[in-house]
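Here's the letter readout for the chains.
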Amino acid sequence: MKLVFAKEMQSLDQQSAEQIGLPTMVLMENAGKAVAETAADFLEDCFGKNIVVFTGKGNNGGDGFAAARWLSNQGARVKVFLVSPWQELTGDAAAQLRICRKCGIELFALKEDRGSWDVAEVSCRQADLVIDAVLGTGFNGVLQGAQQRVCGLMNSIAVPVVSIDVPSGVNADTGSADKNAVQADITVTMALAKPGLFLYPAAELSGEIIVADIGIPKILLECIDSKKFLLTENIACDLLPQRNGNCHKGEAGRVVVTAGSPGFTGAAALCSEAAVKAGAGLVSLLTPLCSREVLAVKLTEIMVEGLIERMPGALGGGAAGTVLDKAGRADVLAIGPGLGTSESTVEVIREILQSVEGPVIIDADALAALQGHVGILNTMGAPKVLTPHPGELGRLLDLGPAEVDARRLELAGKYAAEWDAVLVLKGAPTVIGCPDGNVYINTTGNSAMATGGSGDVLAGTVASLVSRGINETVASAMAVYIHGLAGDIAKDKYGIESVTASKVMECIPCALRQILQVEN
């Protein structure tokens, strides 16, 4: 699903009017009708139901006026409260207000005096539904004055709220939200979804998201040059390849994992086993010699080999050569989970990254080895996928994790292009930045996956799909979706507090089967 920023949506409206000749008033009318239909469906029958609409002075308010009239036509008892003075309304919004007046819709102006606010509060408490049409995609900042007060009122009542385009107080582009932003049960967004609805904290405020067709011509929707996409079930079904009937293990993908060290053998095991669960035909694990025996006992389907150490747990000597030789005979190398950050190990990692020729998945301690040496990414000739969480990416960019989290869409896209890599920025939600500038927002996964080892499972899943000959961008997007879906299945099976990384890994086959069943 294509996503658009607020300015891109405004451009679509203008193009509809200027290039196609479709008046913006028609689009507003269609938006109002879509909101009214959503409200009627939610209430099952809106005849005789009490509905309160709060409107601002912009086009969002105009959509609210149109929705109020459509609901009134269906027999609902509608009251509209204007948060901004009547005189401030202009253009299509002012025209919709005039139509509401002539149609006899009850209209109230929220003034500074207490009386009008008392009426609004009583009306809300008696309502079956409230429609939030105060602020739309143009909001960027802090709620103040009457806007803050009305958002607080909507949040204080035990009545369902339908927001138009975005909940008031939410930034449609970034997902940032004022502390008093509306908590919607349903958000009806127009024509195309906005990325902020799927980014936190707004994702928790948007409720069910409905994308409404408001009549913008298909030719404009298809031609818009947006590089932002929502990673959905339909895309996953289209991308997931199936094995040929005569496929053998050598053709099903050869993965080499370089991971593990004393105390961190679990990371190596999870990454390697995930590669098997996700479909790789042959998986080899290269680990420091002192960890080999532990992992050889732990792993059944994986070939385990020890690497030369400078001291126990710290790689050295010819370790880089061994890894490069093995990787050269495989389809993909995954490097980093639990490998350690000793000086000698870091040197080996950098040597490997600068010399590897085949696709490489760079995770965990391999990312740490790039801190202060990100230039290596620009000199690498190998196709590469980076899988950082906000803290790891922040260390590479000298930014705090909170800032990375708040700018995840922007940063994933920017540095994927700059480093000519696929950048999988893990978190809620995981965002996949691609070298061509495209960015995907994942729709699977949940907070139960906030457990140690989840990232190791993802790295192995990415490696598995890359090994099957899928290009790095598609493989990464698919792996993120499958990993999140496995987490959703695990949550349903074990409960949110009891999910572990190994349980997520065990649910990968179920996730794959579910996607294939949808496809068929």
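Structural data are supplied above this passage.
Here the residue numbering is sequential within each chain, running from 1 through the sequence in written order. Only residues with pLDDT of 70 or above have their local features reported here, since the model is predicted, and side-chain atom pairs are shown and tallied only from 80 upward, although totals for entire chains, interfaces and linings are computed over all residues. The basis for every side-chain value is the complete set of heavy atoms in the structure, and neither hydrogens nor water enter the calculation.

Participant: What should I look at first to understand the packing of helix 3 (residues 59-73) against helix 4 (residues 91-102) in this one?
Facilitator: Any two packed helices are characterised by how steeply their axes cross, that is the angle between the axes, and by the distance between the axes. Every axis corresponds to a line fitted to the C-alpha atoms, with the helix fit spanning only the stretch in contact, and the corresponding angles, defined between N-to-C directions, vary from 0 to 180 degrees. Starting at the N terminus, helices and strands are each numbered in turn, a helix being any DSSP run of H or I of at least four residues and a strand any DSSP run of E of at least two. Following both chains from N to C, one finds helix 3 and helix 4 inclined at 25°, their axes separated by 8 Å at the closest point. With respect to each other, helix 3 and helix 4 are oriented roughly parallel. Considering how the two elements wind past one another, helix 3 and helix 4 form a crossing that is left-handed. Residues G62, F65, A66 and R69 of helix 3 touch helix 4, and the partners they reach there are A93, Q96, L97, I99 and C100. Here the contact of helix 3 with helix 4 is composed, by residue class, of 6 nonpolar, 2 polar and 1 charged. Throughout, the term roughly parallel applies to angles under 35 degrees, roughly antiparallel to angles over 145, roughly perpendicular to angles from 65 to 115, and oblique to all others. Handedness of each helix crossing follows the sense of rotation of the near helix against the far helix: counterclockwise by less than a right angle gives left-handed, clockwise gives right-handed. It only takes one pair of heavy atoms within 4.5 Å for two residues to be counted as in contact. Charged residues are taken to be Asp, Glu, Lys and Arg, nonpolar residues to be Ala, Val, Leu, Ile, Met, Phe, Trp, Tyr, Cys and Pro, and polar residues to be all remaining types, Gly included.

Participant: I'm lost on unusual backbone geometry in this one. Help?
Facilitator: Glycine aside, negative phi is the norm for most residues, and most peptide bonds take the trans geometry. The linkage connecting Y200 with the following residue, P201, adopts the cis geometry, with an omega of 10°. Among the secondary structure elements, P201 is positioned in the loop between strand 7 (186-190) and strand 8 (208-212). P429 follows A428 through a cis peptide bond whose omega is -5°. Mapping P429 onto the fold places it in the loop between strand 18 (422-425) and strand 19 (431-433). With phi around 60°, D398 is a residue other than glycine that occupies positive phi space. In this structure, D398 sits in the loop between helix 15 (390-397) and helix 16 (401-406). Think of it in three bands: residues with accessible area under 20% of the maximum for their type are buried, residues over 50% are exposed, and the middle band is partly exposed, with areas taken using a 1.4 Å probe on protein chains only. A relative accessible area of 71% means that D398 is categorised as exposed.

Participant: Sorry if this is basic, but what is going on with the nonpolar core here?
Facilitator: Across soluble globular proteins, nonpolar side chains show a tendency to be buried alongside one another. Of all hydrophobic cores here, the largest spans 63 residues; its most connected members are L285, I482, I508 and I515. The biggest single contributor to this core is helix 19 (residues 472-494), with 12 residues. The contact partners of I482, leaving out residues within four places of it in the chain, are L240, L465, I508, A511, L512 and I515. In these notes, a set of buried Ala, Val, Leu, Ile, Met, Phe, Trp, Tyr and Cys residues joined through side-chain atoms within 4.5 Å is what counts as a nonpolar core. By size, the runner-up hydrophobic cluster in this structure holds 44 residues, among which are M9, C46, A68 and L71.

Participant: For this particular structure, what's the right way to read the sheet that holds strand 6 (residues 161-164)?
Facilitator: In sheet architecture, strand pairing relies on hydrogen bonds along the backbone and comes in two forms, parallel and antiparallel. Read from one edge of the open sheet, 7 strands run 4-3-2-5-6-7-8, paired in parallel fashion. Two strands lie at the open edges of the sheet, namely strand 4 (106-109) and strand 8, each paired on one side alone. Here the average twist between neighbouring strands, direction ignored, is 20°. When DSSP finds two or more bridges between a pair of strands, those strands are recorded as paired. Examined bridge by bridge, strand 3 (residues 77-82) and strand 4 share 4 bridges and lie parallel to one another. Its bridge partner being in strand 4, F81 is matched across the sheet by F108. On top of the sheet, helix 5 (residues 114-125) reaches strand 2 (50-55), strand 3, strand 4 and strand 5 (129-133); it is set at about 145° to strand 3, its chief contact. Sheet strands touched by helix 6 (residues 145-156): strand 2, strand 5 and strand 6. Its angle to strand 2, the strand with the most contacts, is close to 155°.

Participant: How should the pattern of salt bridges be read in this particular structure?
Facilitator: Opposite charge on two side chains makes pairing possible when the charged atoms of those side chains draw close. The salt bridge definition used is simple: a Lys or Arg side-chain nitrogen within 4 Å of an Asp or Glu carboxyl oxygen. Applying the stated rule across the entire model yields 15 salt bridges. Close ionic contact of K57 with E88 constitutes a salt bridge, the shortest N to O distance being 3.4 Å. You can see K57 sitting in the loop between strand 2 and helix 3 and its partner E88 sitting in the loop between strand 3 and helix 4, a full 31 residues away along the chain. Residue D118 is joined to R114 by a salt bridge in which the shortest nitrogen-to-oxygen separation is 3.4 Å. A residue pair is termed a helical-turn pair when its members lie 3 or 4 positions apart in one helix, as D118 and R114 do in helix 5 at 4 residues. Looking at D118, the relative accessible area reads 33%, which means it is partly exposed. A relative accessible area of 63% places R114 in the exposed class. Counted as one network, the salt bridges with shared partners bring together E403, R407 and E410.

Participant: Could you clarify how one ought to interpret helix 9 (residues 265-277) in this entry?
Facilitator: An α-helix turns once every 3.6 residues. As a result, residues three or four positions apart point the same way. Given the number of residues in a helix, its expected span is that number minus one, multiplied by 1.5 Å. Along its 13 residues, helix 9 runs 18 Å from first to last C-alpha, staying within 8% of the 18 Å computed at 1.5 Å per residue. Taken together, the buried positions of helix 9 are occupied by T265, A267, A268, A269, L270, C271, S272, A274 and A275. Directly after helix 9, the chain includes G279, whose backbone phi takes a positive value near 115°.

Participant: Would you mind showing me how to read the environment of D436 here?
Facilitator: By the element assignment, D436 lies in the loop between strand 19 and strand 20 (439-442). Judged by relative accessible area, D436 falls into the partly exposed class, the value being 48%.

Participant: I would appreciate a short explanation of the packing of aromatic side chains in the present structure.
Facilitator: Aromatic ring pairs are reported here in terms of the distance separating the ring centres and the angle at which the planes meet. Between rings of Phe, Tyr and Trp, where Trp is taken as its six-membered ring, a pair exists when centres lie within 6.5 Å; planes separated by under 30 degrees are stacked, by over 60 edge-to-face, and by other angles tilted. Following the criterion strictly, the structure yields 4 aromatic pairs and no others. Judged by centre distance (4.9 Å) and plane angle (20°), the ring pair of F81 and F108 falls under stacked. Here the residue F81 occupies a position in strand 3, and F108 occupies one in strand 4, the gap between them amounting to 27 residues. Residue F81 is classed as buried on the basis of its relative accessible area, which comes to 0%. Residue F108 is classed as partly exposed on the basis of its relative accessible area of 24%. Chaining the aromatic ring pairs together yields one cluster made of F54, F81 and F108. For the cation-ring pair, K228 lies above F5, with the distance from its terminal atom to the ring centre recorded as 4.0 Å. By definition, being over a ring means that NZ of Lys or CZ of Arg is both within 6 Å of the ring centre and within 35 degrees of the ring normal. Its end group placed over the ring of Y494, K503 keeps NZ or CZ at 5.0 Å from the ring centre.

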